[in-house]
Amino acid sequence: MLEPPVARRDPVVREHHGDRFEDPYAWMADRDSAELRALLAAENAWATERTEHLRPLADTIFEEFRSRIEETDLSVPVRHDRWWYYSRTVEGEQYAVEARVVTADHPERPVLDEGRPPVGEQVLLDHNEEGRDHEFFAVGASEVSPTGDLLAYAVDVVGDERYDVRVRRIADGVQLDDTVRRTGGSLAWSLDQRHLFYTRVDDAWRPHQVWRHEVGTPAEADVLVHEETDERFFVGVGSSRDDRLVIIAIGSKTTSEFRLLDAHDPLGTPRVVAPRRQGVEYDIEPFGDQLLVTHNAGRVNFELAIAPVTCTSADEWVSLDVTSEDEYVTGAEGFDDFIAVSLRREGGTGIRVVLRDPSAANGLGEAHDVAVGEPIGTLLVGVNPESTTRTLQVVHESLVTPRTVEDYDVHTRTFALLKQQHVRGDVDLGRYRQRREWATAPDGTRIPISVVHRDDVAADATAPGLLNAYGAYGIPSDPWFSVRRLSLLERGWVFAIAHVRGGSEMGRTWYDDGKLEAKPNTFTDFVACADHLVQARIVAPGRLAAEGGSAGGLLIGAVVNQAPDRFRFVHAQVPFVDALSSVLDPSLPLTVVEWEEWGNPLDDHAAYDLIRSYTPYENVSPGRRPSILVTAGLDDTRVFVTEPAKWVAALRHADLAAPPGTETPQLLFRTEMAAGHGGRSGRYDLWRQWAWETAVLIDQTS
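Here the structure is a predicted model, which means the values were calculated and not measured.

Calculation rules
- Residues numbered from 1 in each chain as written.
- Predicted model: local features only at pLDDT ≥ 70, side-chain atom pairs only at ≥ 80, totals over all residues.
- Heavy atoms only, no water.
- Pairing = 2+ DSSP bridges.
- Helix = DSSP H or I, 4+ residues; strand = E, 2+ residues; numbered from the N terminus.
- Axes fitted to C-alpha atoms, helices over the stretch in contact; angles between N-to-C directions.
- Buried < 20%, exposed > 50% of the residue type's maximum accessible area, 1.4 Å probe, protein only.
- Polar contact = N/O pair within 3.5 Å; in protein donor to acceptor, adjacent residues only side chain to side chain.
- Contact = heavy atoms within 4.5 Å.
- Left-handed = near helix turned anticlockwise from the far one by under 90°.
- Nonpolar A, V, L, I, M, F, W, Y, C, P; charged D, E, K, R; others polar.

Draft legend 1. Structural detail: the sheet that holds strand β11 (residues 175-177). Taken in spatial order, the 4 strands line up as β8-β9-β10-β11 in an open sheet, and their pairing is antiparallel. Taken across any chain shown, the strands that pair with only one partner, and hence form the sheet edges, are β8 (138-144) and β11. Going from strand to strand, the sheet's axes swing by 30° on average, the running direction of each strand aside.

Set out below in structure tokens:
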């Protein structure tokens, strides 16, 4: 191919609030269009041709991944009832194997013996066998029945996050049921294991119903348990830690409600814990005959309360007063001896342990924070299925510390190492340095940046750098360890995370200050972080790259339009770049439920004007821009492939319209034809995808 693909232009006029926009690529809304499929294939061919010279580098990087990853490995086994449960991987196999062994045969936590599975292993689900005949395979939920005899699991073989439910008898692997299809993926058992609860989606692919299915009967006989008619709300279903309650979770971006059903009485009617109130979010954790409630009814950063398990009103919530107003409470788990409270403060994560004291008025005693001795990193509560435990499994990692799982004794405050991610090869992790930098946004707000590089990389304005961010939905970009990242760091790169507003790194207000009318803060924060890295000489001014995915892809697209000179190269992954078209169409998944995040441009003129001002697709213009790599998944249901396809077409047209003599930077668009929002499903396939993307990044910033 001598020239890149050029998409057909067929303008369709859109008019709202007095604004007239001609959309030349509206025809791409038909994702099943043969013309669109042909265009995507042509773009893939163009990307392959333009990067053919990078094949040796991509192959080298792929082998680097493999050489550093423990391909045959075992997760940390977790004890529940009579079993140790775990998953394991086998070298050469794409997927994991879910399995268990009897605790009576393994008093101590089982391990691999020279790569062999533990003696007496009972395979629950071999993802490799299940996915052998499919280009894509993913499990949405996998739930063992309360008696331990049956396994219910939900599989997606397309990538569209719609799951078929299967039930098998564990002892002999006989499949008992496969009649429930196209569900939302979440599952819950009744205590007698006769019934399964699952969710269904509406025409906008919103999980809106909970159904009850009797195992072994036709799906047509299933019973509707709950239907959510308010289009702002999603519905999910699950079980309490002790399996005694079926939990129906209902939530929008700003409001939530829970309903409980006694799992002993699966034919009963779910009871509302506290009726929804606009703007009040809460979460629950069944805790014996009580509920732990995390809520924001009286505090922006949320607080912890306790209520009877029979609670039917927020009036029954009693504050436990175990956190302060400047600590953002993100959840709590209750055990017989203690409560574990997850929180955020000063830009980091934390866990507070509160011991139980039956003699105290509120039943609680001494509290302390879990300390892992690393100031920059991520600390989370791990998997703890037994309420009787006297230790708390915690997980921590950082930009320089591999994922580490430990048992924390809440009484002695000591740790027992269970597993640390093993990095194979000759990489010396002791040579890496991480630190926190601070940028200043245009409004004066200080924006944290997490930075990592090898110890021989000096701040002399010569190093290449990659800046990552997300900045939406209150989802934080906490520091994480990445074997993939080592291929950059070992080549002298700097990696940085911009903790921009729209996430929740600095508390709930950090999220509120990056959504709705404050959304532009996300983009200006990111540019400020890029400027800081260059001005502090941490990276070379002409060798800075940026990446972001999904809503982070919107960030990348907006910055390409608003500050095209800041970056040499950007990677937009499954990018939400046609934001205004999407949130104007209530039939799409990213619409009604998203209005509380972005605004409602159908009814609100100001919201329309604001989104119109930053949506990447509608603000493309000829002129200077960085080189761009756009990646997408054909079956992505969160961000339709239509969006990146339209954006790329608009960028290509703008390049053609640029003044004579204008240098045209690289523009590559690659769609995985058997993938969803998260990319390829098999780990080796995904590593190949990552290796190619990393090779393009290195090539474009050399």
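Draft legend 2. The side chain of Glu 71, seen in detail. For Glu 71, the position within the fold is in the loop between α2 (55-68) and β3 (73-74). Overall, Glu 71 belongs to the buried group, its relative accessible area being 5%. A distance of 2.5 Å separates a polar atom in the side chain of Glu 71 from a polar atom in the side chain of Tyr 684. Discounting chain neighbours no more than four positions away, the residues touching Glu 71 are Arg 66, Thr 89, Val 90, Glu 91, Gly 92, Arg 424, Arg 683, Tyr 684 and Trp 687.

Draft legend 3. Region of the structure containing the packing of helix α1 (residues 34-50) against helix α11 (residues 642-656). The interhelical angle for the contact between α1 and α11, taken along N-to-C directions, is 65°, at an axis separation of 12 Å. Between α1 and α11 lies a crossing of left-handed hand. Two secondary-structure elements touch here, α1 through Leu 36, Leu 40, Glu 43 and Trp 46 and α11 through Thr 642, Ala 645, Val 648 and Arg 652. Residue composition of the contact of α1 with α11, by class: 5 nonpolar, 1 polar and 2 charged.

Draft legend 4. Inspection of the environment of Val 354 at higher detail. Following the sequence through the fold, Val 354 ends up in strand β26 (residues 348-356). Taking the relative accessible area as the measure of exposure, Val 354 reaches 2% and is therefore buried. A sequence separation of 231 residues divides Val 354 from Asp 585, and the C-alpha atoms of the two residues are 47 Å apart. Excluding residues that lie within four positions of it along the chain, Val 354 makes contacts with Val 322, Phe 338, Ile 339, Val 341, Leu 364, Gly 365, Glu 366 and Ala 367.

Draft legend 5. Spotlight on the sheet that holds strand β16 (residues 234-239). The strand order across the open sheet formed by 4 strands is β16-β17-β18-β19, and the pairing between neighbours is antiparallel. With partners counted over all chains shown, the strands left at the sheet margins are β16 and β19 (271-272), one partner each. When strand β17 (residues 245-251) meets strand β18 (residues 256-262), the two strands line up antiparallel, connected through 7 bridges. Considered in β18, the bridge of Ile 247 is made with Leu 260.

Draft legend 6. Structural view of the pairing of strand β33 (residues 446-454). Most of β33 is tucked away, with 8 of its 9 residues classed as buried. Across 9 bridges, the pairing between strand β32 (residues 432-440) and β33 is antiparallel. What sits directly across from Glu 437, in β33, is Ile 449. Hairpin remark: β32 followed by β33, antiparallel, with 5 residues in the connecting loop; positive phi at Gly 444, about 95°. Two elements, β33 and strand β35 (residues 494-498), share 4 bridges in a ladder whose sense is antiparallel. Its bridge partner lying in β35, Ser 450 is registered against Ile 497.

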